[in-house]
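# A look at the structure
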Amino acid sequence: MPANIVIGTQWGDEGKGKIIDILASRAEVVVRSQGGNNAGHTVVNNGETYKLHLIPSGILYPDKLCLIGAGVVLDPKDFIGELNSLAERGVSTSNLKIDPRAHVVMPWHIVLDGLSEEFRGNSDIGTTKRGIGPTYMDKYERCGIRIYDLINPEVFAEKARATGKLKNKIITEVYGGNAFDLEEVIKEYTEYGKILAPYVADVSVLTYEASKAGKTIMFEGAQATLLDIDFGTYPYVTSSHPLSAGVCVGTGVGPKVITNIIGVAKAYTTRVGKGPFPTELDDETGDKIRNVGGEFGTTTGRPRRTGWFDAVIVRHSVRVNGLDGLAINKLDTLCGLDTLKVCVGYKMPDGNILENFPPTLEELSGCLPVYEEFEGFNEDITGCRSFEELPEACQKYILRLEELCDCKVAMIGVGPDRTQIIER
Ligand code: GDP
Ligand code: IMO
Ligand code: MG
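A short tour of the structure in this document, coming up. (Residues numbered from 1 in each chain as written. Chains lettered and ligands numbered in written order. Predicted model: local features only at pLDDT ≥ 70, side-chain atom pairs only at ≥ 80, totals over all residues. Heavy atoms only, no water.)

### Observations concerning the sheet that holds strand E18 (residues 409–413)
- Across the sheet, nine strands lie side by side as E7-E5-E2-E9-E1-E10-E14-E18-E19; this open sheet has mixed pairing. Strand pairing shows two members of the sheet lacking a second neighbour, strand E7 (96–98) and strand E19 (421–423), which therefore form its edges. When the angles between neighbouring strand axes are averaged without regard to direction, this sheet yields 20°.
- Across three bridges, the pairing between strand E5 (residues 65–68) and E7 is parallel. (Pairing = 2+ DSSP bridges. Helix = DSSP H or I, 4+ residues; strand = E, 2+ residues; numbered from the N terminus. Axes fitted to C-alpha atoms, helices over the stretch in contact; angles between N-to-C directions.)

Now the structure itself:
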């Protein structure tokens with residue numbers, strides 16, 4: 001009963017969607033356990049591109065059970081939009097289930113996300129403005145609305161009136177914004193509840209039963225380790241636990257179910273939103289990587305910040321997630337660069353070298369990356385399907401990443417399509 005987790009090791013957008021899509025072909029169940037439509041996962045199959053935000057990437061296979069766990073925050077309006085756009089492209093969503101415990105992103109969460117970012121001014125986090133933080137705030141404040149509530153009109157109306165009244169007060173009196181017409185919101189969202197009702201089922205039970213029956217399960221990570229609320233670059237993080245451990249809490253399964261944990265990284269680093277980025281390239285090389293790699297956000301379209309591969313952060317991910325293997329995507333994007341650099345440690349102001357990612361931004365702020373340099377490559381590697389076919393410079397680069405990160409590189413991405421992968 002293999003149960004694999006696929007998790008992001010950097011600041012997101014490592015190509016998790018592609019790896020899940022590949023591995024889902026060998027699985028029977030695909031589960032999302034946390035985050036919301038702040039995620040944007042791209043799957044490319046035969047020239048057809050799918051961008052998924054809430055629905056697990058396994059949905060493109062008609063026979064896979066796709067589950068959305070209790071730890072997810074679900075925007076019903078966006079979710080229904082995603083259902084409809086998949087239906088228009090002939091993709092069936094009949095095998096999709098949502099846990100009744102998952103929290104609902106309400107319209108006031110989205111407005112409050114925008115208002116609080118505006119209020120922070122230059123100190124904004126650079127969120128996706130999808131209401132993610134405010135929804136998790138209500139969950140932990142214990143005043144959230146859950147999927148179960150949404151599909152039960154009387155329960156929903158009562159809860160929405162109570163919490164909506166407080167949200168209106170905050171929006172108008174703290175931020176000077178416009179109040180919601182609560183009865184209109186209740187009417188609109190009750191309709192969404194009717195559409196969602198047939199999809200609701202206990203995902204913890206379904207996952208447990210699948211595991212007991214010996215079925216192969218894939219847990220699809222969203223966001224990434226450096227965006228984790230505790231182990232990321234706080235406060236420039238998301239509001240959930242995108243770590244491997246978050247999968248158990250967010251699905252309702254015990255850790256002993258998990259058999260294999262794969263961390264996905266790019267052959268370089270990117271980040272959207274604000275916050276520290278030690279290996280960031282604010283120059284022509286950074287622009288080149290952005291343009292060749294098409295580094296523009298899947299969810300918000302924002303240009304992604306780009307930089308060299310940082311082995312300090314990936315080592316951090318290997319440790320906090322207990323990774324069994326790495327998938328290194330987008331090696332092809334580095335083609336044509338004379339020299340490649342990898343950060344192997346951070347030099348502190350006192351001259352000492354830090355090998356572990358520091359817990360606070362204050363400690364990180366005085367650090368400078370220490371680089372190891374590698375010969376670049378000019379060959380087109382997008383058609384390579386075995387490690388031996390890769391140019392020697394690529395092989396050396398990957399083998400050194402393996403050493404530096406203290407983790408086996410099990411997969412190498414050489415293009416966006418599901419076939420453009422080297423498995424070792
Ligand atoms: P996710 O959020 O981790 O699923 O990643 P995104 O889908 O947001 O961003 C990854 C981008 O890289 C997408 O446009 C993918 O199609 C693309 N991609 C994934 N793997 C590769 C690869 O090996 N090479 C290239 N050139 N593109 C890739
Ligand atoms: P996938 O699954 C990249 C970032 C946002 C912002 C911070 C907080 O596609 O890898 P939020 O809206 O979550 O409160 O924003 O987190 N962020 C992501 N960056 N990929 C993602 O998901 C992200 N999800 C959130 O850009 O910096
Ligand atoms: Mg993404």
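### Focus: the pairing of E5
- Here strand E2 (residues 29–32) runs beside E5; their pairing, made up of four bridges, is parallel. Within E5, the position partnered with Val 30 by the bridge is Cys 66.

### Concerning the site of ligand 2
- Near ligand 2 you find 19 residues, and of these Asp 13, Lys 16, His 41, Thr 128 and Thr 238 are the closest.
- Contacts to ligand 2 include Val 272, whose backbone N or O atom sits 3.2 Å from an oxygen atom.
- Coverage of ligand 2 by the protein amounts to 98% of the 550 Å² it exposes when considered alone.
- When the residues that make up the shell around ligand 2 are grouped by side-chain class, the tally is six nonpolar, ten polar and three charged. (Near = heavy atom within 4 Å. Polar contact = N/O pair within 3.5 Å; in protein donor to acceptor, adjacent residues only side chain to side chain. Areas by Shrake-Rupley, 256 points an atom, 1.4 Å probe, with all protein chains shown as cover. Nonpolar A, V, L, I, M, F, W, Y, C, P; charged D, E, K, R; others polar.)

### A look at the coordination of the magnesium ion (ligand 3)
- Within the protein, the atoms that donate to the magnesium ion (ligand 3) are Asp 13 (OD) and Gly 40 (O), at distances of 2.0 to 2.2 Å. With a gap of 27 residues between them, Asp 13 in the loop between strand E1 (3–8) and helix H1 (16–24) and Gly 40 in the loop between E2 and strand E3 (41–45) connect regions that are remote in the sequence.
- Since its relative accessible area comes to 11%, Gly 40 is described here as buried. (Donors = N, O, S within 2.8 Å, 3.2 Å for Na, K, Ca; no water. Buried < 20%, exposed > 50% of the residue type's maximum accessible area, 1.4 Å probe, protein only.)

### Topic: the pattern of salt bridges
- Tallying each qualifying case throughout the model produces 25 salt bridges.
- Asp 99 serves as the salt-bridge partner of Arg 101, at 2.9 Å between the closest nitrogen and oxygen.
- The exposure class of Arg 101 is partly exposed, given its relative accessible area of 33%.
- Its relative accessible area of 0% is what places Asp 99 among the buried residues.
- Salt-bridge contacts for Glu 295 lead to Arg 304; the nearest nitrogen and oxygen are separated by 2.7 Å. Neither residue differs from the other here; Glu 295 and Arg 304 are each classed as buried. (Salt bridge = Lys/Arg side-chain N within 4 Å of Asp/Glu carboxyl O.)

### What to know about the packing of helix H2 (residues 76–88) against helix H7 (residues 182–196)
- As a packed pair, H2 and H7 sit with axes 10 Å apart at the nearest point and diverge in direction by 45°. Here H2 is positioned oblique relative to H7, judged by the angle of their axes. With respect to the hand of their crossing, H2 and H7 are arranged in left-handed fashion. Of the residues in H7, those touching H2 at Pro 76, Lys 77, Phe 79 and Ile 80 are Glu 188, Tyr 189, Tyr 192, Ile 195 and Leu 196.
- Split into classes, the residues belonging to the contact of H2 with H7 amount to seven nonpolar, no polar and two charged. (Parallel < 35°, antiparallel > 145°, perpendicular 65-115°, else oblique. Left-handed = near helix turned anticlockwise from the far one by under 90°. Contact = heavy atoms within 4.5 Å.)

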